[in-house]
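# Summary of the model geometry
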Amino acid sequence: AVSVGARALTREEIAAHAFALSERGYAVIPALYSEASVARLRHAIEAEYTAAGRPPLVAEGHLVEQGSDTAATAAGYAIRQILKCRPDLAPLLVDESAVAVLRVALGDDMHLELAGALISDASRAFFKWHNHVGGIDDLRWKDRADYPRCGRPQRVLALAYLQPIDPEWGSLLVYPRPADDPRGAPFALNAQHWEGQDVIEAPAGTTVLIEQSTWHAALPQTRDGLRMFVGFYFAAAGAPP
């Protein structure tokens, strides 16, 4: 891991982000990636999309082509293993500051389970409230009203946004709760407002860390252009498979 942002986080900032993950279920690291890094990543991801023939970005349901590493989904066009097809991006994507936060939150022996990229545009409607309990196997838990209580973070999704998070590109909604709170959805999954929600807006290159059971949603994009992020699943050594 290398530092690709304008600066590395201080030890105090690392501790504060890890604490936020435990106490609020998420943490925001603004502009972790430099403008040059964001531009390079966007170019690389769009090149993969172009090589695939620039197919439709959004499909009803989840993966259309089971077993494929690329497919349209309800969330957008997924490149499920970006480091498999672009291993040269690993030094750029895996930032040492984010890794340091995750080692505090999950333990020094935590590991990366998967890194994937997602592309969407204004054709994607409101992406309803969801969480990622189970990490790479989260579909097994999709829309369940009852979730296991872990006591402390066991899995974290890290989302590196390659454009601003704002009303034009689609703000991110997060429902803050401590990691050891019950995890059932408190309101309707398709509601665009939950009482007590946080609305995240941040510059391009921001990384959002989301504990696996934290509910979140994305407002629709209102401008033209490709919205991209890279998502990483990190797990503690003792997390159940």
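Structure: see above.
Residues numbered from 1 in each chain as written. Predicted model: local features only at pLDDT ≥ 70, side-chain atom pairs only at ≥ 80, totals over all residues. Heavy atoms only, no water.

### A short note on the environment of Leu89
Inclusion rule: By the criteria applied, helices consist of DSSP H or I runs no shorter than four residues and strands consist of E runs no shorter than two, each listed in order from the N terminus. In this scheme, a residue with accessible area under 20% of its type's maximum is buried, one over 50% is exposed, and one in between is partly exposed, where area comes from a 1.4 Å probe on protein chains only. Note on contacts: a residue pair is in contact if any heavy atoms of the two residues lie within 4.5 Å.
Within the secondary structure, Leu89 sits in the loop between α3 (82–85) and α4 (90–93). Taking relative accessible area as the criterion, Leu89 reaches 1% and is therefore assigned buried. Along the backbone, Leu89 and Leu41 are 48 residues apart, and their C-alpha atoms lie at a distance of 7.7 Å. Those residues in contact with Leu89, other than ones at most four positions away along the chain, are Arg40, Leu41, Ala44, Ile82 and Leu83.

### Quick notes on unusual backbone geometry
Across the chain, the bulk of peptide bonds are trans and the bulk of non-glycine residues have phi less than zero. One non-glycine residue with positive phi stands out, namely Ala31, at about 45°. Positionally, Ala31 belongs in the loop between β1 (26–29) and α2 (35–51). Of the residues examined, Ala31 reaches a relative accessible area of 34% and is grouped as partly exposed.

### Considering the packing of aromatic side chains
Spelled out, the test is: Stacked, tilted and edge-to-face pairs are distinguished by plane angle, under 30 degrees for stacked and over 60 for edge-to-face with tilted covering the rest, among Phe, Tyr and Trp rings (Trp via its six-membered ring) whose centres lie within 6.5 Å.
Summed over all chains, the structure comprises eight aromatic pairs. Measuring from ring centre to ring centre gives 5.4 Å for Tyr161 and Phe229, while their planes differ by 50°; the resulting arrangement is tilted. With Tyr161 in strand β6 (residues 155–161) and Phe229 in strand β11 (residues 227–235), this residue pair connects regions lying 68 residues apart in the sequence. With relative accessibility at 2%, the residue Tyr161 sits in the buried group. When its relative accessible area of 15% is taken as the criterion, Phe229 is described as buried.

### Comments concerning α2
Under the convention used in this document: Every helix has an expected span of 1.5 Å times one less than the residues it contains.
Across its 17 residues, α2 extends 24 Å between first and last C-alpha, which sits within 8% of the 24 Å expected from 1.5 Å per residue. Turning to α2, the residues buried within the fold contact β3 (77–79), α3, α4, β4 (111–120) and β11. Directly beyond the C-terminal end of α2, a positive phi value near 95° is found at Gly53.

### Brief notes about the pattern of salt bridges
Short version of the rule: Criterion for a salt bridge: a side-chain nitrogen of Lys or Arg within 4 Å of a carboxyl oxygen of Asp or Glu.
Evaluation of the coordinates by the stated rule reveals five salt bridges. The salt bridge involving Asp88 is made with Arg40; its shortest N-O contact spans 3.6 Å. With Asp88 in the loop between α3 and α4 and Arg40 in helix α2, this pair connects stretches of sequence that are 48 residues apart. Measuring nitrogen to oxygen at the nearest pair gives 3.0 Å for the salt bridge that ties Arg155 to Glu113. Residue Arg155 is found in strand β6, and its partner Glu113 is found in strand β4; the two are separated by 42 residues along the sequence. Taken together, the shared-partner salt bridges connect Arg40, Arg86 and Asp88 into one network.

### Re helix α5 (residues 96–106)
Definition in use: The definition of a polar contact used here is a pair of N or O atoms within 3.5 Å, where within protein one atom must be able to donate a hydrogen and the other to accept one, and adjacent residues in sequence count solely through side-chain atom pairs.
Considered for burial, the residues of α5 that qualify are Ser97, Ala98, Val99, Val101, Leu102, Ala105 and Leu106. Those residues of α5 that are buried lie in contact with α1 (11–24), β1, β6, β9 (207–211) and β11. By the N-cap criterion, in which a side-chain oxygen at the helix start approaches the backbone nitrogen of a residue two or three places on, α5 is capped by Asp95, the distance to Ser97 being 2.8 Å. A positive backbone phi angle near 110° is found at Gly107, which sits one or two residues after α5.

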